[in-house]
Each structure stands twice: as C-alpha cells, then as structure tokens.
Amino acid sequence: MTVVQVEKEYQRSFPRNKAIFTYDGVGTTSKQPIRVSAYITAPGSGISFIVPNQKSETPVRIPALASHVVNTLRNVVLGQGSNRLCLVEHFLAACAFCNVMDLDVVVNGPELPLGDGSATIWLDLFFDAGIKPVLPEQKFVLKEAIFLEKGDRQLIALPAQKFSITYLMEWSHPGLGKRWCNWRAGQSPLDIAQARTFGLQKEHDLLGIGNEVVSLTETGFNKPLHFEDEPVRHKLLDLFGDLVLSGVNPLSIQAQFISIKGGHEIDVELAKQLKDKLSG
C-alpha cells in the first residue's frame with residue numbers, strides 16, 4: 001500500500017479524528033521515504049500505529065503495548081501478524097512527555113524515522129501543533145517492588161513519592177566507562193529528550209547513518225556531545241519510552257525505576273508486568 005492509500009483508508013474509516021501533524025522523513029534501514037501522521041483519538045483508546053498490510057489493502061492496527069513487541073535487539077519492534085514497525089521508543093517518549101496517550105499514528109513504512117537519534121523531532125512536531133510538555137497527575141501507585149535480572153543486567157521498580165528513573169552504565173570505552181544519571185518528574189524533558197542514540201562508528205557507517213547520530217570512535221566520539229554524559233542520558237530516554245508500552249504514562253506513576261546496564265529487552269519485560277502492579 002502507498003502512503004496515499006494508507007492515509008485515505010484511515011481517513012475514510014475514522015473521519016472524525018483530527019490530524020495534529022504530518023512528518024516526512026527517511027527510514028534508517030529501509031532508506032525509503034516515510035510519512036508519519038498523528039491523529040488524536042477518543043480518551044482511553046491508547047496509542048496505536050496504523051501500518052500497511054502485507055497481505056491486503058486494509059491497513060493493520062498495532063497497539064503500542066508490550067504484548068505486541070516482537071523484537072528488542074537494537075530497538076523496539078512492534079508486530080501484528082507478519083506486519084512490523086521499528087524504532088517506536090523515541091516517539092513514545094515524546095507522547096508521554098506531552099501526555100498525549102490517545103493517538104493513532106499512520107505510518108506508511110516499516111519504521112519510524114530516526115532523525116538524529118533523539119526524541120526532539122517528535123517533541124518539535126508536538127510543540128508546533130500547540131501541544132507542550134505537561135506533568136500529569138501521579139494517580140498510579142506501585143503496589144510492590146519489581147526486580148528483574150538477566151545476566152549482568154538488572155531493572156528495579158520501587159514504590160516512591162513520585163516518578164524517577166536512574167541508569168547505571170559500564171562500557172569499556174574511553175569516552176564512557178562507568179557512569180550514572182537520574183531524571184525525575186518535574187525536570188525539563190529536554191534533559192533526556194535531546195540525548196542522541198550512540199553506537200560504534202563502523203556499525204553506523206554500515207547503516208549509512210554515521211553523520212546523523214553519535215558514533216564511538218577508538219578514542220572518543222565523532223562529534224561534539226549535547227551533554228557531557230549524553231550516552232547515559234539516552235539510555236534514560238530509551239527506558240522512559242519503553243515504559244510507555246505498559247499502556248500507562250510513566251509520569252503518572254509514583255515509582256522509582258533503577259536500571260543497571262539494562263536495555264530494551266528487560267525494559268519491555270518490566271512494561272509487561274507493570275500495569276498489573278499499579279493501583280489508582
């Protein structure tokens with residue numbers, strides 16, 4: 001299905017839903033043009049992605065929920081049947097920052113555009129639509145602690161007075177090493193939303209994105225950092241976006257999340273368990 005077909009079919013099925021923005025970018029892996037259109041939906045409907053159907057002319061709806069995650073190797077991949085959508089975590093983080101949790105997102109390809117590897121492209125689109133970051137009521141209470149462990153990776157959720165996330169990193173690289181960073185409700189979203197993804201220069205060059213994102217050279221980074229600790233801040237951004245897959249805005253949860261060398265796989269496992277552990 002073409003972008004026009006997907007968009008027209010959605011608009012025909014949901015004529016009352018209002019588009020708040022449309023963005024045209026390029027897929028990181030597919031290298032194809034990608035159009036993303038976001039539509040506000042009825043309260044309580046949650047966030048869903050509408051993608052081309054590989055087997056028919058009817059677009060497929062993929063809810064932004066941990067139960068629909070099919071891969072976490074390098075990014076979060078959602079799936080429904082044989083249909084896939086990659087790189088959703090930064091977009092979901094922007095939704096939570098702006099407390100836009102009822103949204104249909106029409107995407108005409110297999111991935112969301114990566115931009116510079118941060119969440120700022122999505123925040124800017126919300127800003128331009130008149131939707132600014134807002135701190136929602138912290139109406140959910142974590143009833144009990146959750147502890148997850150996979151190898152040397154750990155993720156802990158603890159009851160607390162308000163939302164916060166902490167990440168502890170340990171990389172054998174001269175520009176990284178052992179670092180930690182904390183972000184909590186009430187801080188500027190830009191403190192973590194501006195943090196770009198990072199990885200090895202040779203891997204980024206193979207993907208053809210070496211100039212857009214932050215790459216690790218043998219001695220440091222391929223470009224100036226937005227923050228001295230930008231890589232660990234990006235890990236916080238990923239964790240924050242992954243928690244949205246619980247179906248709840250993380251900022252509305254009274255809990256402290258501590259990740260020790262964690263990543264998307266263990267984040268998604270927590271998101272699967274989280275909603276049943278909340279009261280409110």
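Look up a bit, the structure's there.
Bear in mind the structure is a predicted one, so any value in this text is a computation, not a measurement. (Residues numbered from 1 in each chain as written. Predicted model: local features only at pLDDT ≥ 70, side-chain atom pairs only at ≥ 80, totals over all residues. Heavy atoms only, no water.)

### A look at the pairing of strand 1 (residues 18-26)
For the record, the criterion: By this definition, two strands are paired if DSSP reports at least two bridges between them. Here a strand is any run of E in DSSP of at least two residues, a helix any run of H or I of at least four, and the numbering for each starts at the N terminus.
Direction of pairing for strand 1 relative to strand 2 (residues 33-40): antiparallel, over a ladder of eight bridges. By the bridge assignment, Gly25 is partnered in strand 2 with Ile34. In textbook terms, the turn of a hairpin is the stretch between consecutive antiparallel strands, and for strand 1 and strand 2 this stretch comprises six residues, one of which, Lys31, has a positive phi near 60 degrees.

### Remarks on the packing of aromatic side chains
Let me state the cut-off plainly: Centre distance within 6.5 Å is the pairing criterion for rings of Phe, Tyr and Trp, where only the six-membered ring of Trp is used; planes under 30 degrees apart are then read as stacked, over 60 as edge-to-face, and the remainder as tilted. Only Lys NZ and Arg CZ are tested; either one counts as a charge over a ring when it is within 6 Å of the ring centre and within 35 degrees of the ring normal.
Following the criterion strictly, the structure yields 14 aromatic pairs and no others. Centre to centre, the rings of Phe21 and Phe126 are 5.4 Å apart; their planes meet at 85 degrees, and the pair counts as edge-to-face. Linking Phe21 in strand 1 with Phe126 in helix 3 (residues 120-128), this pair joins segments that are 105 residues apart in sequence. Three or more aromatic residues joined by ring pairs form one cluster here, namely Phe21, Tyr23, Phe49, Phe91, Trp122 and Phe126. Looking at Arg233, its charged tip hangs above the ring of Phe227, at a distance of 4.0 Å from the centre.

### Focus: the environment of Val51
Put simply, the rule reads: Only heavy atoms matter for contacts: two residues are in contact if any of them lie within 4.5 Å across the pair.
By the element assignment, Val51 lies in strand 3 (residues 47-51). As for Val51 and Val106, which are separated by 55 residues in sequence, their C-alpha atoms are 6.2 Å apart. If we skip the residues at most four places from it in the chain, Val51 touches Pro59, Val60, Ile62, Asn83, Leu85 and Val107.

### Some points on the state of the cysteines
What counts is decided by this rule: Any two cysteine sulfur atoms lying within 2.5 Å of each other are counted as a disulfide. In this scheme, a residue with accessible area under 20% of its type's maximum is buried, one over 50% is exposed, and one in between is partly exposed, where area comes from a 1.4 Å probe on protein chains only.
Scanning the model with the defined rule gives zero disulfides in all. Sulfur of Cys86: no disulfide; nearest cysteine sulfur belongs to Cys95 and is 17 Å away. Lacking any disulfide linkage, Cys98 is separated from the closest cysteine sulfur, that of Cys95, by 7.8 Å. The class of Cys98 is buried, set by a relative accessible area of 4%.

### A word on helix 2 (residues 89-97)
For helix 2, a buried count of nine out of nine residues is recorded, marking the element as mostly surrounded by other parts of the structure. Along helix 2, the positions that sit buried rather than exposed are Glu89, His90, Phe91, Leu92, Ala93, Ala94, Cys95, Ala96 and Phe97. Note on helix 2: the residue one or two positions beyond its end, Asn99, has a positive phi of about 55 degrees.

### Regarding the nonpolar core
We apply this condition: Nonpolar cores are built from buried Ala, Val, Leu, Ile, Met, Phe, Trp, Tyr and Cys residues. Side-chain atoms within 4.5 Å join them into one set.
Formed by 76 residues in total, the largest nonpolar core has its most connected members in Phe49, Phe91, Leu103, Phe126 and Ile165. The element contributing the most residues to this core is helix 2, with seven residues. Other than its neighbours up to four places away in sequence, Phe126 contacts Ile20, Phe21, Ala94, Cys95, Cys98, Val100, Leu103 and Ile131. Counting five residues, the second-largest nonpolar core is a separate cluster that includes Val6, Tyr10, Tyr39 and Ile50.

### Observations regarding the sheet that holds strand 5 (residues 69-71)
Spelled out, the test is: Helix axes are fitted to C-alpha atoms over the stretch in contact, other axes to C-alpha atoms as well, and angles between N-to-C directions run from 0 to 180 degrees.
Read across the sheet, three strands follow the order 5-6-7 without closing on themselves; strand pairing throughout is antiparallel. On the outer flanks of this sheet lie strand 5 and strand 7 (83-86), each paired with one strand and no other. In this sheet, neighbouring strand axes are inclined to one another by 40 degrees on average, regardless of whether the strands run parallel or antiparallel. As judged from the four bridges shared by strand 6 (residues 77-80) and strand 7, these two strands associate in the antiparallel manner. Note on strand 7: the bridge partner recorded for Val77 is Cys86.

Coordinates in, geometry out; function isn't part of it.
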